[in-house]
Amino acid sequence: AYSDGSKYNGEWHLDKRHGSGIFAYADGSVYEGEFNTGRIHGQGRLQLSSGEVQEGTFMYGKFSSNYLINVVTYYRAEAYGFSPIFFDLPSLPF
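Keep in mind that what you see is a predicted model, and the values were worked out from it rather than measured.

Caption draft 1: Highlighting the pattern of salt bridges. Overall, the coordinates contain 1 salt bridge when judged by the stated rule. Measuring nitrogen to oxygen at the nearest pair gives 3.7 Å for the salt bridge that ties Arg 45 to Glu 55. With a gap of 10 residues between them, Arg 45 in strand 4 (residues 39–47) and Glu 55 in strand 5 (residues 53–59) connect regions that are remote in the sequence. For Arg 45, a relative accessible area of 34% corresponds to the partly exposed category. Among the residues examined, Glu 55 registers a relative accessible area of 55% and is labelled exposed.

Here it is in structure tokens:
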């Protein structure tokens, strides 16, 4: 458990959340899915405390429903000087 009351149950690698796991946030939100070097990254499902559900691909801690489309959007937006849009997740305590 973390100092803010959130909890993680899952795989670890080099003292970081890595692989499959479940992270329960202190506010009641729950993420179940893949982690990479401590971050939410890969396929997963996030149920926010409000009841909203985001399910699909998460990239570097942010929800991205379609990985390929969002990667293309990201690089294209950067090339034209725009910021791509990703959905923010509740931050993980470190």
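Caption draft 2: Structural detail: the environment of Leu 14. Tracing the sequence through the fold places Leu 14 in the loop between strand 1 (7–13) and strand 2 (16–24). Owing to a relative accessible area of 69%, Leu 14 belongs among the exposed residues under this scheme. For the pair Leu 14 and Gly 38, spaced 24 residues apart in sequence, the C-alpha to C-alpha distance is 9.6 Å.

Caption draft 3: Layout of unusual backbone geometry. In the Ramachandran plot, Asp 15 falls in the positive-phi region, its phi being about 65° despite a non-glycine side chain. Mapped onto the elements, Asp 15 comes out in the loop between strand 1 and strand 2. Here Asp 15 falls in the exposed class, since its relative accessible area comes to 74%. Here Thr 37, not a glycine, exhibits a phi torsion of approximately 45°, which is positive. Tracing the backbone through its elements, the reader meets Thr 37 in the loop between strand 3 (30–36) and strand 4. What makes Thr 37 partly exposed here is its relative accessible area of 48%.

Caption draft 4: Fine view of the environment of Gly 44. Inspection of the secondary structure assignment puts Gly 44 in strand 4. Gly 44 gets classed as buried once you look at its relative accessible area, which sits at 10%. Between the C-alpha atoms of Gly 44 and Ser 20, which are 24 residues apart in sequence, the distance is 9.1 Å.

Caption draft 5: Representation of the nonpolar core within the structure. Counting residues in each nonpolar core, the largest one holds 10 residues, listed as Tyr 8, Phe 23, Tyr 25, Tyr 31, Phe 35, Ile 40, Leu 46, Leu 48, Phe 58 and Phe 63. Listed by contribution, the elements that provide at least two residues to this core are strand 3 and strand 4.

What counts and what doesn't
- Residues numbered from 1 in each chain as written.
- Predicted model: local features only at pLDDT ≥ 70, side-chain atom pairs only at ≥ 80, totals over all residues.
- Heavy atoms only, no water.
- Salt bridge = Lys/Arg side-chain N within 4 Å of Asp/Glu carboxyl O.
- Helix = DSSP H or I, 4+ residues; strand = E, 2+ residues; numbered from the N terminus.
- Buried < 20%, exposed > 50% of the residue type's maximum accessible area, 1.4 Å probe, protein only.
- Core = buried A, V, L, I, M, F, W, Y, C linked by side-chain atoms within 4.5 Å.

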